[in-house]
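A structural walkthrough
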Amino acid sequence: ELFSSLDNAVETLKKTKEQLAVYRQAVLKEAFEGIDETIPMGEIATMIDPQPSHRTPPEFENGIPYIGIGDIDYSNKTVKFREARKVNPSVHEEHLQRYTLRNGDFIMGKIGTIGKPFRIPLPQNYTLSANVILIQPDIDKINPDYLFWQFSSSFVTEQLMNGKNETSQPAFGIQKARLLKIKICSQQEQEKIIGHIQEKISICENIEQTVNTALAQAEAMRQSILKEAFEGRLA
């Protein structure tokens, strides 16, 4: 009986999360809808293959985190450094010579999970996996936040899905990524669009955080009910 009530509450919370995801996409669609001019991704951002050999380095005890899409907690916007594969510090040295991370950089999945942009944190005390592409926006041509939000929108997502479907295995190489069409406008207009998006998305994120907290509390309550049941304390 208690579980039935709890399950109903959890179902409502999950539906709320689904509605928030739909709302988020509606906000992004509206933000970029009136822009007609497009430019290839490769002209406004540097795109880097972090592990050009595409060979996953062997594990190394107490080594440097090797971060891929599977190591990202999108709900909490964090990287699971502890759980990530650890590699030899020499791999880190190679990566440091290949690229330097900057504020505004983000990654996208290119194998299995396609797209799904994520802003990566500083300092550069970790390495990036072969299953991601590093995207470094050219700040003289495009605002990094403007590019990130557009990359999260259906305009880019649909291009990624169409490109992925052209191959038998879900994949989206760096050459394809450089050809992605990006809607472009003046820097002033970009800043207006960013402000509009952030205002709406921040409301969405606050609600989502409340929902996530409630879901965690529901799971804790479930465990508490089971504990009391098997201790004979349920009336």
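That block above? That's the structure.
Residues numbered from 1 in each chain as written. Predicted model: local features only at pLDDT ≥ 70, side-chain atom pairs only at ≥ 80, totals over all residues. Heavy atoms only, no water.

1. Some points on the packing of aromatic side chains
Let me state the cut-off plainly: Only Phe, Tyr and Trp rings are paired, with Trp represented by its six-membered ring, and only when their centres lie within 6.5 Å; those with planes under 30 degrees apart are stacked, over 60 edge-to-face, the remainder tilted. Think of it in three bands: residues with accessible area under 20% of the maximum for their type are buried, residues over 50% are exposed, and the middle band is partly exposed, with areas taken using a 1.4 Å probe on protein chains only. Lysine NZ or arginine CZ positioned within 6 Å of the ring centre and within 35 degrees of the ring normal marks a charge as sitting over the ring.
In this structure the tally under the stated criterion is six aromatic pairs. For the pair Phe148 and Trp149, a centre-to-centre distance of 5.7 Å together with 70 degrees between the ring planes defines the contact as edge-to-face. The burial state of Phe148 is the same as that of Trp149; both residues are buried. Counting every residue linked through ring pairs, the aromatic cluster contains Phe106, Phe148, Trp149 and Phe151. Over the aromatic face of Phe155 sits the side chain of Lys183, whose NZ or CZ is 4.8 Å from the ring centroid.

2. Section: unusual backbone geometry
Across residues other than glycine, the phi torsion is negative in most instances, and most of the peptide bonds are trans. Short version of the rule: A run of H or I in DSSP becomes a helix once it reaches four residues, and a run of E becomes a strand once it reaches two; helices and strands are each numbered from the N terminus.
Between Leu122 and Pro123 the backbone carries a cis peptide bond, its omega angle lying at 5 degrees. Mapped onto the elements of the fold, Pro123 is located in the loop between strand E8 (115-119) and strand E9 (127-128). The backbone phi angle of Lys116 is positive, close to 50 degrees, even though this residue is not glycine. Inspection of the secondary structure assignment puts Lys116 in strand E8. Residue classification places Lys116 among the partly exposed residues on the basis of a relative accessible area of 44%.

3. What about helix H4 (residues 154-164)?
Going by this rule: As used here, the arc belongs to the directions running from the helix axis to the C-beta atoms. We call two residues in contact whenever any of their non-hydrogen atoms come within 4.5 Å of each other.
Listing the buried residues of H4 in full gives Val156, Gln159, Leu160, Gly163 and Lys164. Around the axis of H4, the buried residues are gathered within 130 degrees of arc, so they sit on the same side. Exposed side of H4, more than 90 degrees from the buried face: Glu158 and Asn162 are the residues found there. For H4, the elements touching its buried residues are strand E7 (106-109), E8, helix H3 (144-151), helix H5 (174-178) and strand E11 (181-183).

4. Focus: the sheet that holds E8
Which entries qualify depends on this criterion: By this definition, two strands are paired if DSSP reports at least two bridges between them. Between N-to-C directions, angles span 0 to 180 degrees; the directions come from axes that are lines fitted to C-alpha atoms, helices contributing only their stretch in contact.
Strand order in the open sheet formed by four strands is E2-E10-E7-E8, with antiparallel pairing between adjacent strands. The outermost strands of the open sheet, each flanked by one partner alone, are strand E2 (45-48) and E8. Between one strand axis and the next, the sheet turns through 25 degrees on average, direction left out of account. Note that E7 and strand E10 (residues 132-137) share four bridges and pair antiparallel. The partner of Gly109 across the bridge, within E10, is Val132. Sheet strands touched by H3: E2, E7, E8 and E10. Its angle to E8, the strand with the most contacts, is close to 150 degrees.

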